[in-house]
Amino acid sequence: MLLDLPVLNQNVLQKATKNQREEKKKVKVFVSCGLLFLYPRALKKFTEFLEKKGIEVEEIYGECCGAPFLNLGLLEEFEKCAKKNLKILKNIEEIVFFCATCMRIFKKVYPLFFKKTQLEEEALKISQKVVSAISYLENFRDLKIFQKNVLFHKPCHLTENLNLVKNKEEGDFCCGSLKLSLWLVRFQEKYKKKWIKNLETKKYLATFCTGCYLNFKVLLKGPPQIKHWFELL
């Protein structure tokens, strides 16, 4: 029997290796409000991009992250969204996001909001599973029209390392936020004067945040066209 063991182990190893090759890696994307209603093409492009690398994309549908309710002070509505998302994402190992604000809400706000409650541990676990779609790019050359006619905007809430971004100082400005309080004091108009000069020669202004995307859509008359970064894949 001892002589048969190496053969048995080799067969098991070959079978396991074959199963690993056949098992396709899967990336789970949180379908935010922006992906669903504003820039669905970003998810389509991302899916096609990863499928070429043998990676499958699975769409996870939860609730709104709750940022609009939080901005308006509607804490009960925010809590409802948060609790539903914690339940939906509980057993997922890694959650990919396309919105900097969503990422901040999941990573920073949920743990603070549920601090010293029964959901604190769950909120902390979820916060550690959050990654951005940026991490699946080797560099920004993956974005085909990366050259001179695109300005990549870096949202304030995007804290991930952005070494991939060329000329990032050009896009390092606040959109002005969608907060009603800031609109009332014309905060947006102040920032618009600061950054609009960078857009005179640009065909596209690409951002990585739903709030920024909406703000630019409201404040700007094209050109430039407003895009999500991954619409340019």
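1. Some details on the overall build of the chain
In terms of regular secondary structure, the chain is built from 10 helices and seven strands. Scored against the burial criterion, the 233 residues of the chain give a buried share of 42%. For the chain, the proportion of contacts with a sequence separation of at least 24, taken over those separated by at least 6, is 68%. Looking at the chain as shown, the accessible area adds up to about 14100 Å², and 52% of this sits on carbon and sulfur atoms.

2. Describing the nonpolar core
One finds Val-29, Phe-46, Phe-98, Phe-106, Tyr-110, Phe-208 and Phe-230 to be the most contacted residues of the largest nonpolar core, which totals 62 residues. Looking at which element gives the most residues to this core, the answer is helix α6 (residues 100–113), with seven residues. The residues touching Val-29, leaving out its near neighbours within four places in the chain, are Leu-35, Leu-43, Phe-46, Val-57, Glu-58, Glu-59, Ile-60, Val-96 and Phe-98.

3. Describing the packing of α6 against helix α7 (residues 120–127)
Closest axis-to-axis distance for the α6/α7 pair is 8 Å, and the angle between their directions is 170 degrees. Of the possible angle classes, the one that applies to α6 and α7 is roughly antiparallel. Seen from α6, the contacting residues are Phe-106, Lys-107, Tyr-110 and Pro-111; seen from α7, they are Ala-123, Leu-124, Ile-126 and Ser-127. Considering only residue class, the contact of α6 with α7 consists of six nonpolar, one polar and one charged.

Calculation rules
Residues numbered from 1 in each chain as written. Predicted model: local features only at pLDDT ≥ 70, side-chain atom pairs only at ≥ 80, totals over all residues. Heavy atoms only, no water. Helix = DSSP H or I, 4+ residues; strand = E, 2+ residues; numbered from the N terminus. Buried < 20%, exposed > 50% of the residue type's maximum accessible area, 1.4 Å probe, protein only. Contact = heavy atoms within 4.5 Å. Areas by Shrake-Rupley, 256 points an atom, 1.4 Å probe, with all protein chains shown as cover. Core = buried A, V, L, I, M, F, W, Y, C linked by side-chain atoms within 4.5 Å. Axes fitted to C-alpha atoms, helices over the stretch in contact; angles between N-to-C directions. Parallel < 35°, antiparallel > 145°, perpendicular 65-115°, else oblique. Nonpolar A, V, L, I, M, F, W, Y, C, P; charged D, E, K, R; others polar.

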